[in-house]
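Fold and geometry: a report
Residue strings, one per chain:
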Amino acid sequence: NPEVEEFDVVARIHERFVATGSLIPEAQRLIYSNIARAISASKGERVGGNTEANIHVVDVGCGCGLGSNLLSVSAEFVWGIDKSETAIAYARQMFGRFKNGSCWSPQITFDVIDVKHEPRRLMAFDVVVCIEVIEHLCDVNPLLRFLKRCGKPGASYYVSTPNRNAWKGSSRATRPVNPYHVREW
């Protein structure tokens, strides 16, 4: 099947695809998996032991949607957004809520949005996720303002970036090795 040839494993769990493979680095997969576990654990805390709490998540900079898909296992609804039309087209094809004209996964959807130029007031979310995005931006303030706008009062925020101090070698401490990274913290 050409839709899935880039994946090592494709399985159907809870009526949606769960994939692992080279499209998401192992470190990011672990981050998303830990966030999904935190979402599951927080359900009971939010509503006095009711594990059916409706947790809504926004995944800012979702790329191809693999992380959003991992989060959708624990959340009631996940909205994956990215400024890349190509990445969102892929995410919709692989994990989107509609397949062949019928509803496939009502709890996940994807949209193209450039957070630096998004003036609309959007839905407020319980969990705001932004994994490995901030290091690509010259000015992080528009992203941070957007993330703040997306969260409900008391929302949980998960933002990650490569830790330059975790890498050996002096060149990484002064400038990013990845040519797409503007800054690393």
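Let me begin by describing the structure that accompanies this report.

Basis of the calculations
Residues numbered from 1 in each chain as written. Predicted model: local features only at pLDDT ≥ 70, side-chain atom pairs only at ≥ 80, totals over all residues. Heavy atoms only, no water. Pairing = 2+ DSSP bridges. Helix = DSSP H or I, 4+ residues; strand = E, 2+ residues; numbered from the N terminus. Axes fitted to C-alpha atoms, helices over the stretch in contact; angles between N-to-C directions. Contact = heavy atoms within 4.5 Å.

**Description of the sheet that holds strand E9 (residues 151–160)**
As summarised here, the arrangement of the 5 strands in space is E7-E4-E3-E8-E9, forming an open sheet in which the pairing is parallel. The sheet is open, and its two edges are formed by strand E7 (108–112) and E9, each paired on a single side. Ignoring strand direction, the axes of neighbouring strands in this sheet form an average angle of 20°. Pairing of strand E4 (residues 77–82) with E7, which is carried by 5 bridges, proceeds in the parallel orientation. Residue pairing for E7: isoleucine 81 is matched across the bridge by aspartate 111. The strands touched by helix H3 (residues 85–95) within the sheet are E4 and E7, with E7 carrying the most contacts at an inclination of about 160°. Contacts from helix H4 (residues 141–150) reach strand E3 (56–60), E4, strand E8 (125–131) and E9, with the element oriented near 140° to E9.

**Some points on the environment of glutamate 85**
When you line up the elements, glutamate 85 lands in helix H3. Note: C-alpha distance between glutamate 85 and glycine 63 (22 residues apart in sequence) is 9.4 Å.

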